[in-house]
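Below are the chains, spelled out letter by letter.
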Amino acid sequence: MIKKQFLNTYKKINQLDPNNAKNVRQDPIPDEPTANIYRSKEDEKLIKDFHYAKFQENLSKTKKNNTLKSLIEKEDWDEEDIKALLDSLN
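A word on the overall build of the protein chain. Along the protein chain, the regular secondary structure elements total four helices and zero strands. Taking all 90 residues of the protein chain together, 10% fall into the buried category. Accessible area of the protein chain: about 8200 Å², with a carbon and sulfur share of 55%.

Among the secondary structure elements, Thr67 is positioned in helix H3 (residues 66–73). Thr67 sits 17 residues away from Ala84 along the chain, and the two C-alpha atoms are 7.5 Å apart. Setting aside its immediate chain neighbours within four residues, Thr67 contacts Ala84 and Ser88.

Our focus in this paragraph is the confidence of the model for the protein chain. When pLDDT is averaged along the protein chain, the result is 78, and 71% of the positions lie at 70 or above. The least confident element of the protein chain, judged by mean pLDDT, is helix H1 (residues 3–16) at 70; the most confident is helix H2 (residues 41–64) at 91.

It is worth spelling out the pattern of salt bridges at this point. All told, the structure shown has seven salt bridges when counted by the stated rule. The salt bridge partner of Arg39 is Asp43, with a shortest N-O separation of 3.4 Å. You can call Asp43 partly exposed: its relative accessible area is 22%. Within the structure, one salt-bridge network assembled from shared partners comprises Lys41, Glu44 and Lys48.

Below, the discussion takes up the environment of Asn58. Mapped onto the elements of the fold, Asn58 is located in helix H2. The exposure class of Asn58 is partly exposed, given its relative accessible area of 42%. The spatial distance from the C-alpha of Asn58 to the C-alpha of Leu89 is 9.8 Å, given a sequence separation of 31 residues.

Definitions and cut-offs
- Residues numbered from 1 in each chain as written.
- Predicted model: local features only at pLDDT ≥ 70, side-chain atom pairs only at ≥ 80, totals over all residues.
- Heavy atoms only, no water.
- Helix = DSSP H or I, 4+ residues; strand = E, 2+ residues; numbered from the N terminus.
- Buried < 20%, exposed > 50% of the residue type's maximum accessible area, 1.4 Å probe, protein only.
- Areas by Shrake-Rupley, 256 points an atom, 1.4 Å probe, with all protein chains shown as cover.
- Contact = heavy atoms within 4.5 Å.
- pLDDT = per-residue confidence, 0-100.
- Salt bridge = Lys/Arg side-chain N within 4 Å of Asp/Glu carboxyl O.

What follows is the structure, given as structure tokens:
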């Protein structure tokens, strides 16, 4: 999700809740892409590093999964193939 969409979603949620309208800041959240959603640069780096590590882990597991490789190459799947796919993802 793009940061701008993320911030606009929060604006819409705040506008929908009448009890929260009193607690909303008077100055609007900036729409520029420079608006920072992280508390600090260190938080941003940690979060991005965590997501990259999870991606690498999932990629590695996928590449080593022979069941998944055989299913990807198969053209027509049946119920057993779907069950095998779900079992291999766990």
